[in-house]
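Chain residues, written in single-letter form:
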Amino acid sequence: MSADKKLFIKTYGCQMNVYDSERMAEVLGGKGYTQTDTPDDADMILLNTCHIREKAAEKIYSELGRFKGLKAANPDLKIGVAGCVAQAEGEEIIKRQPMVDLVVGPQSYHRLPAMDDAIQTGAKALDIDFPEDDKFETLKKRKKGKRAPTAFLTVQEGCDKFCAFCVVPYTRGAEVSRPSDRVINEARELVESGVREITLLGQNVNAYNGHEGGLAGLIWALDKIDGLDRIRFTTSHPNDMDDVLIEAHGTCDKLMPYLHLPVQSGSDRILQAMNRKHTAEEYVRLIERIRDARPDLLLSGDFIVGFPGETDQDFEDTMELIRTVNYGQAYSFKYSTRPGTPAAEKPQLPEDVMSERLQALQALLKSQQIAAQDSMVGRTVKVLFEKKGREDGQLIGKSEYLHAIYADAPEDALGDIRDVYVAEAGPNSLAGRLVA
Ligand code: SAH
Ligand code: SF4
Ligand code: F3S
């Protein structure tokens, strides 16, 4: 084993990829790699990729092209592709870009050390299996040492929902929950190394079934960990929001008042064509119940415009749902045709129709977000300070509601939760001052 090799990882896509990149760095740490923040002096470059929309997937090939010069200058440089593009395209990646040495799907990261051995001999390595063994169990333990005050923790992977537009069930496989004792141990270790807020991750995190009482049961178990102050989870599916989880939003003090609950469309016709398995009204009623449990909840969502067959009326139904629900924050996308998904077979909408709708939808969501931000001015929130701001003496943290917030604060407040009076609101962040 040669020591002191440098590993550069670039991460695309969702938070689960962020978590996975960290775990891959640990696994390869066992092979003598330490992480570097530039590709220029790297011995291995790993792209942890996302396949969710065409643009995200295509970006990988232009990114790979940029490494040509580096590979020419250093023939020993190894280039790997991990994540959802690796899973979806497999061998095609090496065919299209022969300088790629290694392709590894999201369920095979524990096999990276052996794959590294193989590519060091000049061979190519490809692994896009869905092995039976739990990759998290065989992955090396997360390293001890001081960490940032917030961390992600994957508790569930994969998706059985098969929305008609989505690649995730194919790239991440079937829903699997990690046993709760492992999750709880990992959470304890994170807290021992300075973490105070944990975001539980899953493609359908509220389908978690590794603990009695599902995700709510797990949250209550984590609630008992001293030193863990905040719990969040993402992403949820409306159909998996069960009564105990809704109730926990009102009764579990550590569970933060922020919920990302995608609906995608407000038209029943489109929801059905998307295979979402609920109506717009069911979603609106669900939101009412969650808000009854936790009235100050900040709600976030995801929307797709221009799904095949979407009429002006269907789109107007989505706008109406947004007006009814009123989001604090949201993500919205033009429908992107994904190979292998059922919706890809259907006639697509013209690009200009999609663009126009997306613009109108984003304007509405933005006005709601600005109103929500403005409504925070004059209130006092609890901020977990995460890092230094750009200006001297300034720290950045997150409110309970996940607002980014800037405040003048001493450096020793990093990692602390402090009361902050909100003095100003911008569209994407708040500014405030410490309450003595
Ligand atoms: N599991 C989560 C979302 C995973 S993907 C859920 O069910 O909500 C994140 C978001 O990307 C989705 O919510 C959807 O809004 C968007 N998305 C997924 N596939 C897409 C596609 N083919 N085109 C455009 N947006 C898509
Ligand atoms: Fe994709 Fe639907 Fe599964 Fe979310 S629930 S990951 S959108 S298939
Ligand atoms: Fe992208 Fe895969 Fe996440 S497709 S959104 S990286 S699960």
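Predicted model, so just to flag it, every value in this text is computed and none were measured.

The pairing of strands in a sheet happens through backbone hydrogen bonds and is either parallel or antiparallel. Taking strand neighbours around the barrel as the criterion, the 5 strands line up as β15-β16-β17-β19-β18 in a closed arrangement whose pairing is mixed. For this sheet, the mean angle separating the axes of adjacent strands, direction not counted, is 55°. Examined bridge by bridge, strand β17 (residues 404–408) and strand β19 (residues 429–434) share 5 bridges and lie parallel to one another. Its bridge partner lying in β19, Y406 is registered against A431.

All right, on to the packing of helix α9 (residues 180–192) against helix α10 (residues 214–223) then. Contact geometry of α9 with α10 gives a least axis separation of 10 Å together with a crossing angle of 35°. Handedness of the α9/α10 crossing: right-handed. Of the residues in α10, those touching α9 at S180, V183, I184 and A187 are L218, A221 and L222. Class assignment of the residues belonging to the contact of α9 with α10 gives a composition of 6 nonpolar, 1 polar and no charged.

Attention now moves to the sheet that holds strand β13 (residues 298–305). The sheet built from 3 strands is open, its strands ordered β12-β13-β14 with parallel pairing. If you trace the sheet from one side to the other, it starts and ends with β12 (258–260) and β14 (329–334), each paired once. Neighbour-to-neighbour, the strand axes of the sheet open up by a mean angle of 10°, direction not taken into account. Against the sheet, helix α15 (residues 351–374) engages β13 and β14, with an angle of about 175° to β14.

The next subject is the pattern of salt bridges. Taken as a whole and judged by the stated rule, the model has 33 salt bridges. The partner of D20 in a salt bridge is R172, and the shortest N-O contact between them spans 3.0 Å. Highlighted residues: D20 in helix α1 (residues 15–29) and R172 in the loop between α8 (168–171) and β9 (176–177), separated in sequence by 152 residues. Note that D127 is salt-bridged to R111, the shortest N-O span being 2.9 Å. A residue pair is termed long-range when its members are at least 10 positions apart, and D127 in strand β6 (residues 125–127) and R111 in the loop between β5 (102–104) and α6 (112–120) qualify at 16 residues. Connected through shared salt-bridge partners, R23, E26, R178 and E186 make up one network.

This next bit is on the site of ligand 3. In the vicinity of ligand 3, the contacting residues are C14, N17, T49, C50, H51, I52, C84, R172 and Q203. Looking at the shell around ligand 3, its residues break down into 4 nonpolar, 4 polar and 1 charged.

Turning our eyes to something else, we now look at the pairing of β13. Counting buried positions along β13 yields 8 of 8 residues, so the element is predominantly enclosed. Where burial is concerned, the two faces of β13 agree: the one with L298, S300, D302 and I304 and the one with L299, G301, F303 and V305 are both buried. Two elements, β12 and β13, share 3 bridges in a ladder whose sense is parallel. For H260, the partnering residue across the bridge sits in β13 and is S300.

Moving on, we get to the site of ligand 1. Not every one of the 15 residues close to ligand 1 is listed here, only the nearest: F165, Q203, Q264, D302 and S336. Q203 is positioned such that a nitrogen or oxygen atom in its backbone is 2.7 Å from a nitrogen atom of ligand 1. Measuring from an oxygen atom of ligand 1, one finds a side-chain N or O atom of D302 at 2.6 Å. Summarising the interface, the protein chains cover 89% of the accessible area of ligand 1, which totals 540 Å² for the free molecule. Sorting the residues of the shell around ligand 1 by element identifies β13 and β14 as the ones contributing at least two each. When residues of the shell around ligand 1 are assigned to domains, at least three map to each of domain 2 (141–256) and domain 3 (265–375).

We now examine the packing of helix α13 (residues 280–293) against helix α14 (residues 312–325). Relative orientation of the contacting elements α13 and α14 amounts to 10°, with a least axis distance of 11 Å. Our classification of the angle between α13 and α14 gives roughly parallel. Touching A280, Y283, V284, I287 and R291 of α13 are L321, T324 and V325, all from α14. Among the residues making up the contact of α13 with α14, the classes are represented as 6 nonpolar, 1 polar and 1 charged.

Applying the stated rule across the entire model yields 4 aromatic pairs. With 5.6 Å between their ring centres and 75° between their planes, F162 and Y170 make a pair best called edge-to-face. Aromatic pair F303 and Y327: ring centres 5.3 Å apart, planes at 90°, arrangement edge-to-face. Linking F303 in strand β13 with Y327 in the loop between α14 and β14, this pair joins segments that are 24 residues apart in sequence. Through a chain of ring-to-ring contacts, three or more aromatic side chains come together here, namely F165, F307 and Y335.

Once that is clear, we can look at the domain arrangement of the protein chain. Each assigned domain of the protein chain is listed with its residue range as follows: domain 1 (5–127), domain 2 (141–256), domain 3 (265–375) and domain 4 (380–434). Using only C-alpha atoms to locate each centre, domain 1 and domain 4 end up separated by 35 Å.

Moving on, we get to the nonpolar core. Judged by nonpolar contacts, the single largest core of 58 residues is most densely connected at L200 and Y327. Both domain 2 (141–256) and domain 3 (265–375) contribute no fewer than three residues apiece to this core. Not counting residues within four places of it along the chain, the set of residues in contact with Y327 comprises V263, Y283, L299, S300, G301, F303, L321, I322, L365, Q368 and Q369. With 22 residues, the next largest nonpolar core counts A56, A57, I60 and V103 among its residues.

Cut-off values and rules
Residues numbered from 1 in each chain as written. Chains lettered and ligands numbered in written order. Predicted model: local features only at pLDDT ≥ 70, side-chain atom pairs only at ≥ 80, totals over all residues. Heavy atoms only, no water. Pairing = 2+ DSSP bridges. Helix = DSSP H or I, 4+ residues; strand = E, 2+ residues; numbered from the N terminus. Axes fitted to C-alpha atoms, helices over the stretch in contact; angles between N-to-C directions. Left-handed = near helix turned anticlockwise from the far one by under 90°. Contact = heavy atoms within 4.5 Å. Nonpolar A, V, L, I, M, F, W, Y, C, P; charged D, E, K, R; others polar. Salt bridge = Lys/Arg side-chain N within 4 Å of Asp/Glu carboxyl O. Near = heavy atom within 4 Å. Buried < 20%, exposed > 50% of the residue type's maximum accessible area, 1.4 Å probe, protein only. Polar contact = N/O pair within 3.5 Å; in protein donor to acceptor, adjacent residues only side chain to side chain. Areas by Shrake-Rupley, 256 points an atom, 1.4 Å probe, with all protein chains shown as cover. Domains from an automatic or database assignment. Parallel < 35°, antiparallel > 145°, perpendicular 65-115°, else oblique. Phe/Tyr/Trp six-rings, centres within 6.5 Å; stacked < 30°, edge-to-face > 60°. Core = buried A, V, L, I, M, F, W, Y, C linked by side-chain atoms within 4.5 Å.

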